[in-house]
Amino acid sequence: MRKPKHLSREDQEKLDTLTRNLEKELEHFIGYPCNTLFDYSALYHFLKLPLNNIGDPFVPTNYHINTHEFEREVIEIFKKLTNAPKKSTWGYVTNGGTEGNLYGIFLAREMFPDCMVYYSEDSHYSVNKILRCLHVRNIMIKSNPDGTMNLDDLRETIKIHRDVPPVIFANIGSTMKGACDDLLGIQKILKDLAIKRHYIHADAALSGMILPFVDKAPAWDFDAGIDSVSISGHKMVGSPLPCGVVLAKKEYVDRIACGVEYVGTLDTTIMGSRNGLTPLFLWYAFRTIGLEGFHEIIQSCMNVAAYAETKLNALNRHAWKHPNSLTVVFDRPSPTLVSKWQLASKGSISHLIAMPHVTCENIDELAEDLAGEKQDTRKNRNYPSTVRRSL
Ligand SMILES: *Cc1c(COP(=O)(O)O)cnc(C)c1O
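All residue numbers refer to position in the chain's written sequence, counted from 1. Local features in this predicted model are restricted to residues of pLDDT 70 or higher, and side-chain atom pairs are both shown and tallied only at a pLDDT of 80 or more, whereas totals for entire chains, interfaces and linings draw on every residue. Side-chain numbers come from the whole structure's heavy atoms, not from hydrogens or water.

Concerning the site of the ligand
To be near a molecule or strand, a residue needs just one of its heavy atoms within 4 Å of it. Residues in close proximity to the ligand include Gly-96, Gly-97, Thr-98, Asn-101, His-124, Gly-173, Thr-175, Asp-203, Ala-205, Ser-232, His-234 and Lys-235, which together make up its full environment. At a separation of 2.6 Å, an oxygen atom of the ligand approaches a polar side-chain atom of Thr-98. Note on areas: these come from Shrake-Rupley sampling with a 1.4 Å probe, and a residue is covered only by the protein chains present in the view. Its free accessible area being 380 Å², the ligand has 87% of it covered by the protein chains. We place a 1 Å grid over just the protein atoms. Points where a 1.4 Å probe fits but has no way out form a cavity, open points with protein on both sides within 12 Å along at least 5 of 7 lines form a pocket, and any residue with an atom within 4 Å of a point lines it. For a molecule to be placed in a cavity or pocket, more than half of its atoms must lie within 2 Å of the grid points of that cavity or pocket. Spatially, the ligand is embedded in the largest pocket. The leading source of residues in the shell around the ligand is helix H3 (residues 97-111), at three residues. Each residue receives one of three labels: charged for Asp, Glu, Lys and Arg, nonpolar for Ala, Val, Leu, Ile, Met, Phe, Trp, Tyr, Cys and Pro, and polar for the others, Gly being one of them. A breakdown of the residues in the shell around the ligand according to their chemical character gives one nonpolar, nine polar and two charged. Whenever two N or O atoms come within 3.5 Å, that pair is a polar contact, provided that in protein one can donate a hydrogen and the other can accept it, and provided that, for residues adjacent in sequence, both atoms are side-chain atoms. What counts as a helix is a DSSP run of H or I of at least four residues, what counts as a strand is a run of E of at least two, and both are numbered from the N terminus.

The following block contains the structure:
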């Protein structure tokens with residue numbers, strides 16, 4: 001076998017610089033919902049294998065270098081967390097929340113080809129692309145100022161299109177404001193309008209790993225009548241590789257399944273070749289931290305989020321958050337601070353997310369920075385013109 005040559009000195013230095021830069025950036029990483037506290041070093045030797053979870057994790061395949069057994073265990077854990085009916089729910093480990101959303105809408109469209117998809121202004125930016133890929137009719141519904149879907153607008157809009165089955169793309173923890181769409185309210189609309197054929201997909205990218213661990217969660221899971229749900233794995237659980245989980249009612253999945261002789265399995269997933277490492281990461285996290293551990297982690301994140309809200313309000317930054325959310329919304333600071341703290345921003349607001357690695361000391365330091373900077377006026381804020389127009 002041809003042995004790889006060693007890296008040149010320059011190339012090695014380039015890598016070393018990257019390592020140093022990334023480590024530095026991690027010190028101020030509070031704007032995006034990716035948990036950085038994980039240690040999968042016990043699994044590093046699996047990097048030597050061409051793992052591939054191609055095909056349906058519940059069906060034997062002719063490609064044996066896979067981790068399907070662990071993927072199935074991960075799916076069982078998420079079924080419990082989402083109150084999914086044991087026998088009639090299916091799922092797989094995706095490449096992230098976006099793939100799970102694509103999958104949910106794909107199932108919905110295959111079930112109801114003439115459907116209309118309703119999603120809110122606050123839905124994740126990828127939803128628009130998914131709808132274009134799937135070439136499905138869709139209408140954007142107005143949001144309330146707190147980021148939830150405006151149900152009056154939803155009701156009126158569905159009324160106009162009563163002849164086609166509605167597919168509701170519900171945000172369970174919206175990207176910018178951590179808002180949960182009111183699933184019970186949505187169900188009521190469908191009932192009031194006597195609409196029998198409908199589909200509800202829950203985009204629970206971040207909150208799908210928060211709400212199972214809070215005391216007073218709103219109705220959001222299979223108990224609330226959803227048909228599918230997408231949850232990211234690299235967000236709250238934490239993973240060096242993007243990943244996620246999608247769960248759906250089995251009856252819908254059976255409609256799209258087809259056998260593939262080449263790999264001797266069922267083609268029920270979006271991707272062909274699939275990541276075999278990420279199911280191991282997720283499995284390892286749940287096995288080592290445990291549900292009780294995640295409960296504690298989420299509680300302490302809630303404390304940090306509350307601390308941030310208070311601290312930023314003391315600086316008059318109009319901070320607020322939804323009760324079961326770790327996303328703290330506040331006035332958009334200067335571009336310098338947006339960049340330093342990697343604060344996700346949209347229009348006049350920014351947010352921080354109290355993920356497990358975010359500490360009260362981080363918040364104190366951010367508050368110091370905010371107190372130190374001149375309160376920006378809108379004029380000298382350096383927004384891209386597209387954002388400025390929407391202000
Ligand atoms: C992050 C996020 C997504 C996309 O998830 P990825 O794992 O990044 O693909 C979708 N919806 C919401 C609400 C999100 O917060």
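Moving on from the coordinates now.
Notes on the side chain of Lys-321
Structurally, Lys-321 can be placed in the loop between helix H9 (277-314) and strand S10 (327-331). Here's how the labels work: a residue is buried when its accessible area is under 20% of the maximum for its type, exposed when over 50%, partly exposed in between, all with a 1.4 Å probe on protein chains only. This count recognises Lys and Arg as positive and Asp and Glu as negative, with His and chain-terminal groups excluded. Each salt bridge in this description consists of a side-chain nitrogen of Lys or Arg and a carboxyl oxygen of Asp or Glu lying within 4 Å of one another. As a buried residue without a salt bridge, Lys-321 has its nearest oppositely charged side chain in Glu-309, at a separation of 5.4 Å. One polar contact links the side chain of Lys-321 to the main-chain carbonyl oxygen of Pro-323, over a distance of 3.3 Å. Engagement of the side chain of Lys-321 in a polar contact is seen with the backbone oxygen of Ser-325, the distance being 2.8 Å.

Points about the environment of Ile-130
Within the fold, Ile-130 resides in helix H4 (residues 126-134). Judged by its relative accessible area of 4%, Ile-130 falls in the buried class. Each C-alpha atom, one on Ile-130 and one on Asn-66, is 28 Å from the other, the two residues being 64 residues apart in sequence. Residue contacts are counted whenever heavy atoms from the two residues lie within 4.5 Å of one another. Residues contacting Ile-130, with those up to four places away along its chain left out, are Thr-98, Asn-101, Leu-102 and Ile-105.

Comments concerning the nonpolar core
As used here, the term nonpolar core means buried Ala, Val, Leu, Ile, Met, Phe, Trp, Tyr and Cys residues forming a set that is joined through side-chain atoms within 4.5 Å. In this structure, Phe-78, Leu-154, Ile-158, Met-209, Val-229, Leu-326 and Leu-352 are the most contacted members of the largest nonpolar core, which totals 78 residues. Top contributing element to this core by residue count: H9, with 14 residues. For the purposes of this description, domain bounds are those given by an automatic or database domain assignment. Two domains share this core, each providing at least three of its residues, namely domain 1 (9-37 + 291-390) and domain 2 (42-286). If we skip the residues at most four places from it in the chain, Leu-352 touches Ile-30, Gly-31, Ala-308, Leu-312, Leu-326, Thr-327, Val-328, Phe-330, Leu-343, Ile-363 and Leu-366. Judged by nonpolar contacts, the second largest core, of 23 residues, contains Tyr-103, Ala-108, Val-117 and Val-127.

A few points about the packing of aromatic side chains
Paired rings are identified among Phe, Tyr and Trp, the last through its six-membered ring, by centres lying within 6.5 Å, and are further divided according to the angle between planes into stacked (under 30 degrees), edge-to-face (over 60) and tilted (the rest). Using the criterion set out here, one finds twelve aromatic pairs in the structure. Judged by centre distance (6.0 Å) and plane angle (35°), the rings of Trp-90 and Tyr-103 are tilted. Residue Trp-90 is found in strand S1 (residues 89-94), and its partner Tyr-103 is found in helix H3; the two are separated by 13 residues along the sequence. Relative accessible area serves as the criterion here: at 1%, Tyr-103 is assigned to the buried category. On the basis of an interplanar angle of 85° and a centroid distance of 5.3 Å, the ring pair of Tyr-92 and Tyr-103 is categorised as edge-to-face. Of this pair, Tyr-92 sits in strand S1 while Tyr-103 sits in helix H3, and the two are eleven residues apart along the sequence. On the basis of relative accessibility, which here comes to 0%, the residue Tyr-92 falls in the buried class. Taken together, the ring pairs in this structure connect Phe-38, Tyr-40, Phe-281 and Tyr-284 into an aromatic cluster.

Some points on the sheet that holds S10
Any two strands with at least two DSSP-identified bridges between them are counted as paired. Overall, antiparallel pairing links the three strands, which are arranged S10-S12-S11 in an open sheet. Each edge of the open sheet carries a strand with a single partner, namely S10 and strand S11 (344-346). The sheet shows a mean angle of 30° between the axes of neighbouring strands, direction not considered. Summarising the sheet, S11 and strand S12 (residues 349-353) pair through three bridges and their orientation is antiparallel. The residue of S12 that forms the bridge with Ser-345 is Ser-350. Against the sheet, H9 touches S10 and S12, its axis set at about 10° to S10. The angle between two axes is taken between their N-to-C directions and runs from 0 to 180 degrees, where each axis is a line fitted to C-alpha atoms and a helix contributes only its stretch in contact.

Side note on the packing of H9 against helix H11 (residues 360-372)
Packed helix pairs are specified by the crossing angle of their axes together with the interaxial distance, meaning the distance between the axes. Look at H9 against H11: their axes get within 10 Å of each other, and the N-to-C directions meet at 20°. Considered as vectors, H9 and H11 are oriented roughly parallel to each other. Between H9 and H11 the crossing geometry is right-handed. Contacts between H9 and H11 pair Val-304, Tyr-307, Ala-308, Lys-311 and Leu-312 from the former with Cys-360, Ile-363, Asp-364, Leu-366, Ala-367 and Leu-370 from the latter. Grouping the constituent residues of the contact of H9 with H11 by class yields nine nonpolar, no polar and two charged. Oblique is the label for any angle not under 35 degrees, not over 145, and not in the 65 to 115 range, which are roughly parallel, roughly antiparallel and roughly perpendicular in turn. Should the near helix be turned counterclockwise from the far one by less than a right angle, the crossing is left-handed, whereas a clockwise turn marks it as right-handed.

The values are spatial; any link to function lies outside them.
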